[in-house]
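Notes for the structure review
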Amino acid sequence: MRDDEAFVVLRPQTPGRFVFASPHSGTVYPSGMDADPSLDEASLRSAEDALVDRLIAPGVDLGATVVLARLGRAWVDLNRDPADLDPLLIEGAADGVVSARTAAGYGVIPRLTGDGRPLYDRRLTMDEARDRIAGSHAPYHAALSERMQAAHAQYGEAVLVDWHSMPARATQGAGGARGPDVVLGDRHGSSCSAALTRRLRRAFEALGWRVALNQPYAGGWTTQHWGRPSEGFHAIQVELNRALYFDEAARSPGPGWSRTEKGVARVIAALLDRT
């Protein structure tokens, strides 16, 4: 897999301070993945942030640089620490304390599908793991770093908005009540200015959408890595409820697609206005 196949960067005519990223919306699975042949396509793809790339791509017309993964999340998780290897999956990975997500099966190279099924009927070698990280994870983050550093050099600060989606079930309340439409994760106020969080929250609430803060998603590794406001690097994670726009059973746009597409475009316009 060549570096230029792992992701795509959409560059605006006049780049601004904002960088948008979608690390989990990729749909390409290399033939060398050698996943369990009993897995069906729906299960293999169940962890994808379906269609998020399409929702945020219009940001490029307003000055945001947009970095989109092309490879599926089951191949490699671009929102994980590259050192977060799962010893239950990868031969030679160090035993001992691992992150809670890795212990649950969702390290940088996932052991489980989004719907909880084993991805493999074998263990991976350390060489396989290193090759995936070097060929997919590293170039994606090098591209992200290049754009963040360029924005910082030009404007004195850079702002990363890391876009994701969440299954409807992830935020359901008692009795199956629908949860929030959007979860904003700013690492409990540590990864970006309070003004950025407020601005995004107001923009989503102007659509009539319910917004939660940091629960159950406070921001992943990318948000943590780039969230250094004292150095002029701000990062926030956005989780969109798939119930807004996606039919998870059919894996296609749902009846709310057009409304959500227009709504996200309004949020992006409000966020990038005068930036």
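Look up a bit, the structure's there.
Below, the structure is looked at part by part. (Residues numbered from 1 in each chain as written. Predicted model: local features only at pLDDT ≥ 70, side-chain atom pairs only at ≥ 80, totals over all residues. Heavy atoms only, no water.)

Attention shifts here to the overall build of the chain. Secondary structure summary: the chain contains 8 helices and 9 strands in total. Against the globule reference of 19 Å for 275 residues, the chain gives a C-alpha radius of gyration of 18 Å, in line with a compact fold. When the backbone C-alpha atoms are referred to their principal axes, the chain occupies close to 50 × 45 × 35 Å. Every one of the 275 residues in the chain was classed for burial, and the buried ones make up 55%. Of the contacts made within the chain by residues no fewer than 6 positions apart, 79% connect residues no fewer than 24 positions apart. By element, 50% of the accessible surface of the chain is carried by carbon and sulfur atoms, the whole surface being about 11,900 Å². Computing the positive centroid from 31 side-chain charges and the negative centroid from 34, the chain places the two 7 Å apart. (Helix = DSSP H or I, 4+ residues; strand = E, 2+ residues; numbered from the N terminus. Rg over C-alpha atoms; globule rule 2.2 N^0.38 Å. Buried < 20%, exposed > 50% of the residue type's maximum accessible area, 1.4 Å probe, protein only. Contact = heavy atoms within 4.5 Å. Areas by Shrake-Rupley, 256 points an atom, 1.4 Å probe, with all protein chains shown as cover. Lys, Arg positive; Asp, Glu negative; His and termini not counted. Charge placed at Lys NZ, Arg CZ, Asp CG, Glu CD.)

Glancing now at the nonpolar core. Ranked by internal contacts, the top residues of the largest apolar core, which has 39 residues, are Met 33, Leu 85, Ile 90, Ile 109, Tyr 140, Leu 144 and Leu 160. For this core, the secondary structure elements donating two or more residues are strand S1 (7–10), strand S2 (18–22), strand S3 (65–69), helix H5 (126–155), strand S4 (158–166) and strand S7 (233–241). Top element by residues in this core is H5. It accounts for 8 residues. Those residues in contact with Met 33 that lie beyond four places of it in its chain are Leu 44, Ala 74, Trp 75, Leu 119, Tyr 120, Arg 122 and Arg 132. Val 182, Leu 200, Leu 240 and Leu 244 belong to the second largest nonpolar core, which has 36 residues in total. (Core = buried A, V, L, I, M, F, W, Y, C linked by side-chain atoms within 4.5 Å.)

Scanning the entire structure with this criterion turns up 6 aromatic pairs. With 5.9 Å between their ring centres and 20 degrees between their planes, Phe 204 and Trp 209 make a pair best called stacked. On the basis of relative accessibility, which here comes to 0%, the residue Phe 204 falls in the buried class. For Trp 209, a relative accessible area of 4% puts it in the buried group. Joined through ring pairs, the aromatic side chains of Tyr 245, Phe 246 and Trp 257 make up one cluster. Above the ring of Trp 75, the side-chain terminus of Arg 132 is found at 4.0 Å from the ring centroid. (Phe/Tyr/Trp six-rings, centres within 6.5 Å; stacked < 30°, edge-to-face > 60°. Lys NZ or Arg CZ within 6 Å of the ring centre and 35° of its normal.)

This brings us to the side chain of Asp 49. Tracing the backbone shows Asp 49 in the loop between helix H2 (41–44) and helix H3 (52–56). Among the residues examined, Asp 49 registers a relative accessible area of 1% and is labelled buried. For Asp 49, the side chain forms a polar contact with the side chain of Ser 165, separated by 3.2 Å. Beyond its immediate chain neighbours, meaning those up to four positions away, Asp 49 contacts His 24, Ser 25, Trp 163, His 164, Ser 165 and Arg 242. (Polar contact = N/O pair within 3.5 Å; in protein donor to acceptor, adjacent residues only side chain to side chain.)

Bringing the pattern of salt bridges into the picture now. Scanning the entire structure with this criterion turns up 15 salt bridges. One salt bridge connects Arg 111 with Asp 86, and the closest N-O pair in it is separated by 2.6 Å. Of the two residues, Arg 111 is situated in the loop between helix H4 (100–103) and H5 and Asp 86 in the loop between S3 and H4; the sequence distance between them amounts to 25 residues. For the pair Arg 111 and Asp 86, one class covers both residues: buried. One salt bridge connects Glu 128 with Arg 122, and the closest N-O pair in it is separated by 3.0 Å. (Salt bridge = Lys/Arg side-chain N within 4 Å of Asp/Glu carboxyl O.)

Moving on: the sheet that holds S2. Taken together, 7 strands build an open sheet; the order of strands is S1-S3-S2-S4-S7-S5-S6 and the sheet is mixed. Here the strands that pair on one side only, and so sit at the sheet edges, are S1 and strand S6 (211–213). Neighbouring strand axes in the sheet, compared pairwise and without regard to direction, differ in orientation by 20 degrees on average. Across 4 bridges, the pairing between S2 and S4 is parallel. By the bridge assignment, Val 19 is partnered in S4 with Leu 160. Taken strand by strand, helix H6 (residues 194–205) contacts S2, S4, strand S5 (182–185), S6 and S7, and its axis lies near 25 degrees from that of S7. (Pairing = 2+ DSSP bridges. Axes fitted to C-alpha atoms, helices over the stretch in contact; angles between N-to-C directions.)

What follows covers H5. Over its 30 residues, H5 extends 41 Å from the first C-alpha to the last, a length consistent with the 44 Å expected when each residue adds 1.5 Å. Roughly 35 degrees is the biggest bend found in H5, and it falls at Ile 133. Taken from the residues just after H5, Gly 156 is the one with a positive phi, measuring 85 degrees. (Expected span 1.5 Å × (residues − 1). Bend = angle between axes of the 7 residues up to and from the residue.)

This part is about the pairing of S5. Burial along S5 is two-sided: Val 182 and Leu 184 facing one way and Val 183 and Gly 185 facing the other are all buried. Across 3 bridges, S5 lies against S6 in parallel orientation. Pairing of Val 182 across the sheet is with Val 211, part of S6. Remark: the S5/H6/S6 crossover connection has right-handed handedness. Relative to S7, S5 runs antiparallel, the two sharing 4 bridges. Bridged to Val 183 within S7 is Glu 239. (Right-handed = clockwise from strand over helix to strand, strands pointing away.)

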